[in-house]
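Single-letter residue listing:
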Amino acid sequence: MRPKRKIIISLILLFAGFNLYAQDSTLIGKTINWDLVKCIDYAKTNNIQINSLRLSALTSQQQYLLAKASRLPNLSGSASQNFEHAKTNGGNSNNSSFTSGGTGSGFTASGAYSLNSSVTLYNGNLINNTILQTNLQVQSANLSILQQENDISLQITQAYLTVLLDKENIVYDTDLVNTAQAQVKLEQQRYDVGSVARFALIQLQAQHATDQYTLVNAQNTQRGDLLTLKQLLLLPTDVNFDIIKLDTIVPIDTVAAFHDAERSALKYFPDVKIGELGVKSAQYGVDIARAGYKPMLTAGASLNSGYVSDQGNFPNQLSNNFNQQLGVNLTVPIFTRRVVKTQVEEAKIQVDQAQLNLKNAAFTLSQTVERAYINVENAKSQYVAALEQYNYNKESYRIASEQLKVGVANTVDFLLQKNLFVQAQQAFIQAKYNELLTLKIYDFYRGIPIKL
């Protein structure tokens, strides 16, 4: 029985509509055959999680630009227009528009207009530290994109090689079916002339049916694994998708030293860099919080004027009422009821947490590289053993087949040898692709792009 393989693929769909948006409509209705590099490149462009992180990076960029703009003075204008209706009785009206007695009414219009501007001259270096912090957040957001691209690359590589394994299994299983069919035909001829018992014929027919069943399962497995890869790529459902089969697979000759791979991963992989940026960002957070202890100095200026309709000519009023103001404002924190102190202490805690996150990221990455190294070493030795087992069982199966053909071997012994050969063949194929997968993953941590 062929071992069941499971590919764990973490694919988060934020909204159902995003799936349709991420798919490339230009591929609908087409037949495509892609190699591994094309699959990875397509996923990096269309993956929902990666595109979501790209949007987050754009948001971080806007926050950085906003922080830089806080150095500049602001400018705002205001205008108000009022209309007043007044009713008077005789000469008791307070409205100067009415000078005669009796009951009357009138309208008064007035307006006020101003321009105001302010700029921060000093605030404990809060603006500069905020700019530096948001710049680090932009860098971290871009590294998160690379981190997700790495994850999806490994997932697609695993899914792609699984389909390649399925294709090779189908080739071998098809050959077994064809061979079994020829053996049944020959045994039928012998049975027809009475040289073998019916039981021997039935055994070969049963084995032929088993081989056909195995072939059908292999074909079904390939369809399922190909669908998994297609869905991981977010290809439209109407696309007829397949992959390009490899001509040959070269066995592993030598494996690079673990410590070289570890140093390369720690130096170039985004996981550790994100942690380092997190520590720096948290340290700026402490400086930002400490700005609350320091005074803040701002400068402001304003221009304003206004008019009232019953007090003279409009242009003259605007000129006569035109005022200019310029001033500075100093705010000194004296007692903040522990608000600033709490903010500083919490920011220090965030630094400690960021340092732990960095340590954990480096430790986890080192463990991952070490596991990849052990996996490739194990796969290499397993491949060598599986190849030797396969070669011996293949030769034994060839001899048993020849003996069956000439009638010097009984059916039971032949089927036993065939089953041993099938098991060795499946182990060999599995070992060959497992070796290739583990090598590509290990090389990836060494900084070598994945390609076949």
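Residues numbered from 1 in each chain as written. Predicted model: local features only at pLDDT ≥ 70, side-chain atom pairs only at ≥ 80, totals over all residues. Heavy atoms only, no water.

A.B. asks: Outline the overall build of the protein chain, listing residues and values.
C.D. replies: The secondary structure content of the protein chain amounts to 10 helices and 6 strands. In terms of C-alpha radius of gyration, the protein chain reaches 40 Å, well past the compact-globule figure of 22 Å for 452 residues. In terms of principal-axis extent, the alpha carbons of the protein chain reach across some 145 × 55 × 35 Å. Relative to its 452 residues, the protein chain shows a buried fraction of 38%. Looking at the protein chain as shown, the accessible area adds up to about 26300 Å², and 54% of this sits on carbon and sulfur atoms. Counting 39 positive and 35 negative side-chain charges, the protein chain places the centres of these two groups 5 Å from one another. (Helix = DSSP H or I, 4+ residues; strand = E, 2+ residues; numbered from the N terminus. Rg over C-alpha atoms; globule rule 2.2 N^0.38 Å. Buried < 20%, exposed > 50% of the residue type's maximum accessible area, 1.4 Å probe, protein only. Areas by Shrake-Rupley, 256 points an atom, 1.4 Å probe, with all protein chains shown as cover. Lys, Arg positive; Asp, Glu negative; His and termini not counted. Charge placed at Lys NZ, Arg CZ, Asp CG, Glu CD.)

A.B. asks: Talk me through the packing of aromatic side chains; I want residue IDs and the actual numbers.
C.D. replies: Tallying each qualifying case throughout the model produces 13 aromatic pairs. Here tyrosine 397 and phenylalanine 421 contribute two aromatic rings whose centre-to-centre distance is 4.7 Å and whose plane-to-plane angle is 5°, an arrangement assigned as stacked. Of this pair, tyrosine 397 sits in helix H9 (residues 339-406) while phenylalanine 421 is found in helix H10 (residues 411-445), placing the two residues 24 residues apart along the sequence. Tyrosine 397 gets classed as buried once you look at its relative accessible area, which sits at 8%. Given the relative accessible area of 5%, phenylalanine 421 is considered buried. Each member of the aromatic cluster is reached from another via a ring pair, and the members are Tyr383, Tyr390, Tyr397, Phe414, Phe421 and Phe428. The ring of tryptophan 34 has lysine 38 lying over it, and the distance from NZ or CZ to the ring centre is 5.3 Å. (Phe/Tyr/Trp six-rings, centres within 6.5 Å; stacked < 30°, edge-to-face > 60°. Lys NZ or Arg CZ within 6 Å of the ring centre and 35° of its normal.)

A.B. asks: Break down the pairing of strand E6 (residues 323-331) for me, citing the residues and quoting the values.
C.D. replies: Counting buried residues along E6, only 0 of its 9 residues qualify, which leaves the element largely exposed. Note that strand E5 (residues 296-308) and E6 share 9 bridges and pair antiparallel. Note that in E6 the partner of serine 302 across the bridge is glutamine 325. (Pairing = 2+ DSSP bridges.)

A.B. asks: With reference to specific residues and values, describe the pattern of salt bridges.
C.D. replies: Following the criterion strictly, the structure yields 10 salt bridges and no others. Measuring nitrogen to oxygen at the nearest pair gives 2.5 Å for the salt bridge that ties glutamate 395 to arginine 398. On the criterion of helical spacing, the pair formed by glutamate 395 and arginine 398 is a turn pair, its members being 3 residues apart in helix H9. Looking at arginine 398, the relative accessible area reads 42%, which means it is partly exposed. A salt bridge links glutamate 402 to lysine 405; the shortest N-O distance between them is 3.9 Å. Residue glutamate 402 and its partner lysine 405 are located together in helix H9, separated by 3 residues, close to a single helical turn. Note on glutamate 402: relative accessible area 37%, which makes it partly exposed. For lysine 405, a relative accessible area of 47% puts it in the partly exposed group. (Salt bridge = Lys/Arg side-chain N within 4 Å of Asp/Glu carboxyl O.)

A.B. asks: Could you give me a rundown of unusual backbone geometry, with the residues and numbers involved?
C.D. replies: For leucine 234, which is not glycine, the phi dihedral falls at a positive 60°. Along the chain, the position of leucine 234 falls in the loop between helix H5 (198-232) and strand E4 (240-243). Classification of leucine 234 by relative accessible area gives buried; the value is 4%. Its identity is not glycine, yet arginine 337 carries a phi of approximately 55°, on the positive side. Examined against the element boundaries, arginine 337 turns out to sit in the loop between E6 and H9. When its relative accessible area of 70% is taken as the criterion, arginine 337 is described as exposed.

A.B. asks: Quick one: what's the story with the nonpolar core, residue by residue and with numbers?
C.D. replies: Across soluble globular proteins, you tend to see nonpolar side chains buried next to one another. Counting 68 residues, the largest nonpolar core has Trp34, Ile156, Leu233 and Phe241 as its most contacted members. Look past the residues within four positions of phenylalanine 241 in its chain and what remains in contact with it is Ile32, Trp34, Cys39, Leu226, Leu229, Lys230, Leu233 and Leu235. One finds Ala282, Val286, Val344 and Ala347 within the second-largest nonpolar core, a separate group that totals 9 residues. (Core = buried A, V, L, I, M, F, W, Y, C linked by side-chain atoms within 4.5 Å. Contact = heavy atoms within 4.5 Å.)

A.B. asks: Go over a nonpolar patch on the surface with me, naming the residues and quoting the values.
C.D. replies: Nonpolar side chains collect at one region of the surface, where Leu75, Leu115, Leu303 and Phe322 lie side by side and expose about 390 Å² of accessible area between them. Tracing the backbone through its elements, the reader meets leucine 115 in strand E3 (residues 103-122). Exposure remark for leucine 115: the relative accessible area of 43% places this residue in the partly exposed category. (Patch = residues over 30% accessible without salt bridge, like charges linked within 9 Å, V, L, I, M, F, W, Y side chains within 5 Å.)

A.B. asks: Any details on the side chain of serine 305? Residues and values, ideally.
C.D. replies: If you trace the backbone, serine 305 turns up in strand E5. Of the residues examined, serine 305 reaches a relative accessible area of 14% and is grouped as buried. At a separation of 2.7 Å, a polar atom in the side chain of serine 305 contacts the main-chain carbonyl oxygen of leucine 318. Leaving out residues up to four positions away in the same chain, serine 305 has contacts with Gly111, Ala112, Tyr113, Gln317, Leu318, Asn321 and Phe322. (Polar contact = N/O pair within 3.5 Å; in protein donor to acceptor, adjacent residues only side chain to side chain.)

A.B. asks: Could you give me a rundown of H10, with the residues and numbers involved?
C.D. replies: End to end, H10 covers 51 Å across 35 residues, agreeing with the expected 51 Å (1.5 Å per residue, within 8%). With 25 of 35 residues buried, H10 is to be regarded as a mostly interior element. Two or three places before valine 412, at the start of H10, stands the capping residue asparagine 410, its side-chain oxygen 3.2 Å from that residue's backbone nitrogen. Of the residues flanking the end of H10, it is glycine 447, one or two places downstream, whose phi is positive at about 100°. (Expected span 1.5 Å × (residues − 1).)

A.B. asks: Got a sec to walk through the packing of helix H4 (residues 126-192) against H5? Specific residues and values, please.
C.D. replies: Between H4 and H5, the shortest axis-to-axis distance is 8 Å and the interhelical angle comes to 160°. By the angle between their axes, H4 is roughly antiparallel relative to H5. You can see that H4 and H5 cross each other, and the crossing is left-handed. Split by residue class, the contact of H4 with H5 holds 19 nonpolar, 13 polar and 7 charged. (Axes fitted to C-alpha atoms, helices over the stretch in contact; angles between N-to-C directions. Parallel < 35°, antiparallel > 145°, perpendicular 65-115°, else oblique. Left-handed = near helix turned anticlockwise from the far one by under 90°. Nonpolar A, V, L, I, M, F, W, Y, C, P; charged D, E, K, R; others polar.)

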